[in-house]
Amino acid sequence: MKDVESRIAELTELIDRYNYEYYMNDTSLVSDFEFDALLRELMELERQYPQYALPTSPTRRVGGEVNKSFQQVTHRFPMLSLGNTYSIEEIEEFEARTRKLLDGVPFSYTCELKYDGVAIGLTYKNGELVQAVTRGNGTVGDDITDNARTIPTIPLKLRGDYPDDFEARGEVVFPFEAFEAMNRQRENDGDEPFANPRNAASGSLKLQNSAECAKRKLMFCMYFMMMDDEKAADGGRRFTTHFGRLEAAKEMGFKVQPYIKECNDINDIKFFIDFWDKERWNLPFGIDGVVIKVNQTELWGRLGLTAKSPRWAIAYKFKAERVSTPLESVTYQVGRTGVVTPVANMRPVWLGGTTVRRATLCNADYMGKLDLHEGDYLLVEKGGEIIPKIVGVDMEQRQAGAPKIGYTEVCPVCGTKLVRADGEAGCYCPNQDGCLPQQLGRLEHFVGRKAMNIDSLGSERLRMLYDAGLVRNVADLYSLRKEQLVGLGSREEETLFSINVDPLDLCDEASSNLQIFKPSNLQSESKSVSEANDGGSPTKKSASIQEKGAENILKALEESKKVPFERVLFALGIRYVGEVGAKKLARYFGDIDALKAANVMELAMVEDVGEVTAVAVHDYFANAEHLAIVERLRKAGLQMRMADTRISNVLNGATIVVSGVFENFSREEIKASIEQHGGKATGSISSKTDYFLTGEKVGPEKLKKAQALGIQMLTETEYLEMIKGQDE
Ligand code: IVH
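Residues numbered from 1 in each chain as written. Predicted model: local features only at pLDDT ≥ 70, side-chain atom pairs only at ≥ 80, totals over all residues. Heavy atoms only, no water.

Colleague: Describe the environment of Phe-35, with residues and values.
Modeller: Inspection of the secondary structure puts Phe-35 in helix α2 (residues 32-48). On the accessibility criterion, Phe-35 (18% relative accessible area) is buried. Excluding residues that lie within four positions of it along the chain, Phe-35 makes contacts with Ile-15, Tyr-18, Asn-19 and Val-30. (Helix = DSSP H or I, 4+ residues; strand = E, 2+ residues; numbered from the N terminus. Buried < 20%, exposed > 50% of the residue type's maximum accessible area, 1.4 Å probe, protein only. Contact = heavy atoms within 4.5 Å.)

Colleague: Can you tell me about helix α14 (residues 459-467), naming the residues and giving the values?
Modeller: With eight of nine residues buried, α14 is to be regarded as a mostly interior element. Buried within α14 we find Ser-459, Glu-460, Arg-461, Leu-462, Arg-463, Met-464, Leu-465 and Tyr-466.

Colleague: Residue-level account of the sheet that holds strand β7 (residues 165-173), with values.
Modeller: Pairing is antiparallel in the open sheet, where four strands are placed in the order β5-β4-β7-β8. Every other strand in the sheet has two partners, leaving β5 (128-134) and β8 (219-226) as the edge strands with one partner each. With strand direction ignored, the average angle separating the axes of adjacent strands in the sheet is 30°. Here helix α6 (residues 197-205) sits on the sheet in contact with β4 (118-125) and β7, set at roughly 40° to β4. Contacts between helix α9 (residues 242-252) and the sheet are confined to β7 and β8, with β8 contributing the most and set at about 130° to the helix. (Pairing = 2+ DSSP bridges. Axes fitted to C-alpha atoms, helices over the stretch in contact; angles between N-to-C directions.)

Colleague: Run through the side chain of Arg-186, naming residues and quoting values.
Modeller: Structurally, Arg-186 can be placed in helix α5 (residues 176-188). The class for Arg-186 is buried, based on a relative accessible area of 18%. The contact partners of Arg-186, leaving out residues within four places of it in the chain, are Asp-191, Glu-192, Pro-193, Phe-194 and Arg-216.

Colleague: So what's going on with the site of the ligand? Residues and values would help.
Modeller: Inspection of the region around the ligand gives 13 residues, with Leu-82, Glu-112, Leu-113, Tyr-115 and Glu-171 positioned closest. The contact in question runs from an oxygen atom of the ligand to an N or O atom on the side chain of Lys-114, over 3.2 Å. Relative to its unbound accessible area of 520 Å², the ligand is 92% covered by the protein chains. Every element with two or more residues in the shell around the ligand is listed here: β3 (109-115) and β10 (287-294). When residues of the shell around the ligand are assigned to their parent elements, the largest contribution, four residues, is made by β3. Here the shell around the ligand is composed, by residue class, of eight nonpolar, one polar and four charged. (Near = heavy atom within 4 Å. Polar contact = N/O pair within 3.5 Å; in protein donor to acceptor, adjacent residues only side chain to side chain. Areas by Shrake-Rupley, 256 points an atom, 1.4 Å probe, with all protein chains shown as cover. Nonpolar A, V, L, I, M, F, W, Y, C, P; charged D, E, K, R; others polar.)

Colleague: How would you explain unusual backbone geometry if you had to name every residue and give the values?
Modeller: Glycine aside, the phi torsion of most residues is negative, and most peptide linkages are trans. In this structure, Asp-371 takes a positive phi of about 50° despite not being glycine. In this fold, Asp-371 is placed in the loop between α12 (364-370) and β15 (377-382). Its identity as a non-glycine residue notwithstanding, Tyr-576 has a phi of 70°, on the positive side. Here Tyr-576 is to be found in the loop between α19 (565-571) and α20 (579-589).

Colleague: Hey, could you go over the pairing of β4 for me, with residue numbers and the actual values?
Modeller: Across the eight residues that make up β4, a large majority, seven, are buried. Sheet topology note: the β4/β7 ladder contains eight bridges and is antiparallel. In the sheet register, Thr-123 faces β7, and the bridge partner there is Glu-167. The pairing of β4 with β5 spans six bridges and is antiparallel. Among the inter-strand pairings, Tyr-124 is bridged to a residue of β5, identified as Leu-129. Count of turn residues in the β4/β5 antiparallel hairpin: two residues, of which Asn-126 carries a positive phi of about 45°.

Colleague: How would you explain the packing of aromatic side chains if you had to name every residue and give the values?
Modeller: In total, this model carries 22 aromatic pairs according to the counting rule given. Taken together, a centroid distance of 4.9 Å and an interplanar angle of 65° make the contact between Tyr-588 and Phe-589 edge-to-face. An aromatic cluster of at least three residues, connected via ring pairs, comprises Tyr-259, Phe-272, Phe-275 and Trp-276. Here Lys-382 stacks its cationic end above the ring of Trp-281, 5.2 Å away from the centre of that ring. Of note, Arg-472 hangs over the ring of Tyr-466, and the distance from its end group to the ring centre comes to 4.0 Å. (Phe/Tyr/Trp six-rings, centres within 6.5 Å; stacked < 30°, edge-to-face > 60°. Lys NZ or Arg CZ within 6 Å of the ring centre and 35° of its normal.)

Colleague: Help me get a handle on the sheet that holds β10, residues and values and all.
Modeller: Within a beta sheet, neighbouring strands are joined by backbone hydrogen bonds and run either parallel or antiparallel to one another. With respect to topology, five strands assemble into an open sheet ordered β2-β11-β10-β3-β9, the strand pairing being mixed. Here the strands that pair on one side only, and so sit at the sheet edges, are β2 (84-85) and β9 (260-263). Of the strand pairs in this sheet, β10 and strand β11 (residues 313-317) are connected by five bridges, and their pairing is antiparallel. Note that in β11 the partner of Ile-292 across the bridge is Ile-314. Each of β3, β9 and β10 is contacted by α9, which is oriented at about 155° to β9, the strand it contacts most. Packing against the sheet, helix α10 (residues 266-279) makes contact with β3, β9, β10 and β11, and its axis sits at approximately 20° to β3.

And the structure:
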């Protein structure tokens, strides 16, 4: 056993070293293959001999812990924010004030990047990571240790010399390249893409399953080391300056960005700011400014704090870059649900590291507000968000008498008169079944991973099928025969991609390896035909379908007949019915016939289904063509009713309202469990409610109402007790 123990220790150290060299020094000491083999060996040994697994084992980076809710933790040192400014004059004032307050004491500044991410604090005791906490409100944050462990640039075990108890602070950022790859994947999977890397980083740290967080390729940039003063003194000279602390942190194994400079006066500071204001677009991650700190840590106490921030540091925030460029044309894109998005095509202009040619005009309302006229110059801005935004019209350049540019009244693809629903900012094309991008979009949605998951049919193959006249709607897919598929697609690319809807590549000349993104509000709706995802189709756009490919398609279609009803309902692509809505409707009505027969009032009774969605569902089933498609899908063998998942009838029709966070179930899971045991899970408390099932952090309003009505309360443990033994 000694052998096992020492092999585990040896592997832990080896993998840790390879990881360090790879993530900190960009050096691969072994091939991926060898690395994976070592990791697998360690995992296997740890599985067999968990008693020897080390808490700092690199296998813990793979994640797997599931948190239903994050523990709230009070910060040992409050997480202060910094005073910030967009004005160089205020930086000059800060510098002069600091010099005055320090009254002749020699000191210097450090200038460093202000990372645009999520602040976290990492506590290390005796060289081991013991806790990671988000900033929260500065006093109390969320314990996200399991997720933090999956970030390769967060050391689990420190190297060399380190204080025995301290906190490393820094920012978790989402590097552009990883962010873009993730968003592409999300789009392929039918998930909403993240608006920007900061939101994505924040969302990733709050993922309940750390194995998911491990996939996100986050990076930790350390910028601060906190420790008790006497500990700092013990550490000797290297902890008496901020610069020295970061140098020391680097030796301990932290990723400290090299862009930090010791500055002696305001000119050095201004030079640093100017440099990064221009150069920031060439970094592989986002920054939104520069942070200036007094370097000598013993002077921090002397300078003290204002109400919320230290007097020894300040942040300079970069202004959004803005240019003015002539509008050349307005074109429109049509999305899967018919939403029509106007796009401004502009004279190409260099802005924040990329050439911008196109930007969204969002919707009819926004375009109306801009009040565009022919020949107008548009003001385009790029903040920290990468996506260029049209913020206005340069009125000084407006030519007298220039004709106004109105929003299109007809669909740019099929010519149908557009409709504007009450209270909506945009218009849509109502020709659902005859408008090409809508038809293709619906087919793509139908085969998506979260819907029918037919991954051998990507957008290009769907287009082939469409062009060949074999598929016009989702039901046609199930009539396909092998002989129709084999050989399909060996035609010219031009015929495959002839549709006159431009892809929205806003910027196409990146100055370096910076990745460019489409505007987030266009991403889900306006995927145009030619840029839509490949979804597993052949790499060559015009590659024809071979025998094997045809068989795979038919097999996948066959497999999809097992997909549960709720996903079939989502796959139909009914306006406003997302994944959750479909699940709720499916559960509530049980089968497609009950759903078809429901009136708007009944539909709106379903939790989370608002009136707008209820009307959309009703309209969908009032359409004879849709009914015919649904019938054909039913005949093809798709699931049109909820599978009987009943386990017992112990709850005997009891109506139960759930609230709060549960230890053993997610909210959806506990509701499903209630139904599986013969109960009804509803959303709001009424006199008809039999039980109020509560977890942690119960909604106070619901609690008050339940108490007022004298509803019987049920804890999670009591609930588990009720259903116990019913599974067998
Ligand atoms: S120092 C007590 N340095 O910017 C000062 N902050 O309000 C601790 N940030 O919440 C912060 N990059 O999350 C510092 N190089 C950097 C930073 C940085 C980003 C964030 C930090 C803080 C906010 C400033």
